[in-house]
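The chain contents come next:
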Protein chains: 2
Amino acid sequence: MNGIAKRVAAFESQLRKAGLRMTQQRRLILRILAESDDHPDAKGIFSRAFACDPTLSLSTVYRTMKLLETQGAIERHAFQDGVSRYEHADQDHHDHLIDVETGAVVEFSSPEIEALQAKIASELGYEIVRHRLELYGRKLPAPSRRKARA
Amino acid sequence: MNGIAKRVAAFESQLRKAGLRMTQQRRLILRILAESDDHPDAKGIFSRAFACDPTLSLSTVYRTMKLLETQGAIERHAFQDGVSRYEHADQDHHDHLIDVETGAVVEFSSPEIEALQAKIASELGYEIVRHRLELYGRKLPAPSRRKARA
DNA sequence: CCGCTCTTGCAAATGAGTATCGATAGAGTT
DNA sequence: AACTCTATCGATACTCATTTGCAAGAGCGG
């Protein structure tokens, strides 16, 4: 009991206010998302949810993701593999480092970079609406730790 | 002699080495790209090239873009409008600021940000292979640089 | 000029995501 | 619990960028 039930409840009241309904499908997808700490795509969410409810359709996942996004409950990212990936939005702003070999996603944040971005934009006569910063990297051999039998 | 013919020639010898052919279509597309200082998508390149050679097909543009990309002659960018946009690669590294209202693309570069990226990556145990930094902004009304407070 | 095979144009195929539509099921009311 | 209203669902058709299969065509070394 965790943030999960809390998030679902918060979203439920948010929906109510908008005259929308909290359906079984939305509850399920929301739970899947809240339980995920990676960045699944629509298919990934679908297959996890399908395991719980085999009547669920992929359309509903897409619809729900769009709804959740416009409600600000999740964030959508389009990394360079082309598909949209999602994560719940109730956390601090951060950017992503994607392991080019495994596809693993590491989150990080850098106030210094943010500040530089704002400075650059204003020098060019713009104010930033949003930004996208993705680092694609390869894991370095651990420098301080000896591998057992390298 | 402009860089254009030079680039085409350089690419031609690069192809030769790979056992590939310098066809009319490739020559044309390459010239279009070299002459462009914006970031056209496949359709845009196609329509510019089609004006010179109405027998050209869109498939060929896509195929050629892929070839040019793997040969390192161009760079492909996927901004948030969904389509792939291209630019020739024989220039300094830079990032992009996209005007959210007009779609205009402004190029900029920031060694400070690059340095911070490298630092962050190495702290996370990674070396950067490539990165993607896009600022989405709105043009500020006042071109003056007076700051009320700061 | 020959011929090998890389390339092309066309059309059909993919694949992510969206729209349509009849059927279903939330949720307030009684 | 029954009733009603309509948001939502599942299935399916569709869009749009990009890719691919294939037969005809064109580089280029000889």
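Here goes a summary of the coordinates provided. (Residues numbered from 1 in each chain as written. Chains lettered and ligands numbered in written order. Predicted model: local features only at pLDDT ≥ 70, side-chain atom pairs only at ≥ 80, totals over all residues. Heavy atoms only, no water.)

### Points about the protein's contact with DNA strand C
Argument step 1. If you check the shell around DNA strand C, you find 22 residues, and the closest are Arg16 and Lys43 of chain A together with Arg21, Thr60 and Arg63 of chain B.
Argument step 2. A share of 63% is what sugar and phosphate atoms reach among the atoms of DNA strand C within 4 Å of the protein.
Argument step 3. Interatomic distance of 2.7 Å between a side-chain N/O atom of arginine 21 of chain B and a base oxygen of DNA strand C.
Argument step 4. A distance of 3.3 Å separates a base nitrogen of DNA strand C from a polar atom in the side chain of serine 59 of chain B.
Argument step 5. Mapped by element, the contributors of at least two residues to the surface near DNA strand C are helix H4 (58-70) of chain A together with helix H2 (24-35) and helix H4 (58-70) of chain B.
Argument step 6. Across the surface near DNA strand C, the residue classes tally to five nonpolar, nine polar and eight charged. (Near = heavy atom within 4 Å. Polar contact = N/O pair within 3.5 Å; in protein donor to acceptor, adjacent residues only side chain to side chain. Helix = DSSP H or I, 4+ residues; strand = E, 2+ residues; numbered from the N terminus. Nonpolar A, V, L, I, M, F, W, Y, C, P; charged D, E, K, R; others polar.)

### Brief notes about the protein's contact with DNA strand D
Argument step 1. If you check the shell around DNA strand D, you find 22 residues, and the closest are Arg26 and Thr60 of chain A together with Arg16, Lys43 and Tyr62 of chain B.
Argument step 2. For DNA strand D, the backbone portion of the atoms within 4 Å of the protein, that is sugar and phosphate, comes to 69%.
Argument step 3. Contact between DNA strand D and serine 57 of chain A: a phosphate oxygen at 3.3 Å from a side-chain N or O atom of the residue.
Argument step 4. A distance of 3.1 Å separates a phosphate oxygen of DNA strand D from a polar backbone atom of methionine 22 of chain B.
Argument step 5. If you list the elements that add at least two residues to the surface near DNA strand D, you get helix H2 (24-35) and H4 of chain A together with H4 of chain B.
Argument step 6. In terms of residues, the surface near DNA strand D owes the most to one element, H4 of chain B, which gives four residues.

### Some points on the sheet that holds strand S3 (residues 95-99) of chain A
Argument step 1. Strand order in the open sheet made by the six strands is S4(A)-S3(A)-S5(A)-S5(B)-S3(B)-S4(B), with mixed pairing throughout. Whereas interior strands pair on both sides, the edge strands pair on one side only; in this sheet they are strand S4 (105-108) of chain A together with strand S4 (105-108) of chain B. Between one strand axis and the next, the sheet turns through 25 degrees on average, direction left out of account.
Argument step 2. Of the pairings in the sheet, the one linking S3 of chain A to S4 of chain A comprises four bridges and is antiparallel in character. Residue pairing for S4 of chain A: aspartate 95 of chain A is matched across the bridge by phenylalanine 108 of chain A.
Argument step 3. Where helix H5 (residues 111-123) of chain A meets the sheet, its contacts fall on S3 and strand S5 (126-139) of chain A together with strand S3 (95-99), S4 and strand S5 (126-139) of chain B, and the angle it forms with S5 of chain A comes to roughly 135 degrees.
Argument step 4. Lying on the sheet, helix H5 (residues 111-123) of chain B is in contact with S3, S4 and S5 of chain A together with S3 and S5 of chain B; it crosses S5 of chain B at an angle near 135 degrees. (Pairing = 2+ DSSP bridges. Axes fitted to C-alpha atoms, helices over the stretch in contact; angles between N-to-C directions. Contact = heavy atoms within 4.5 Å.)

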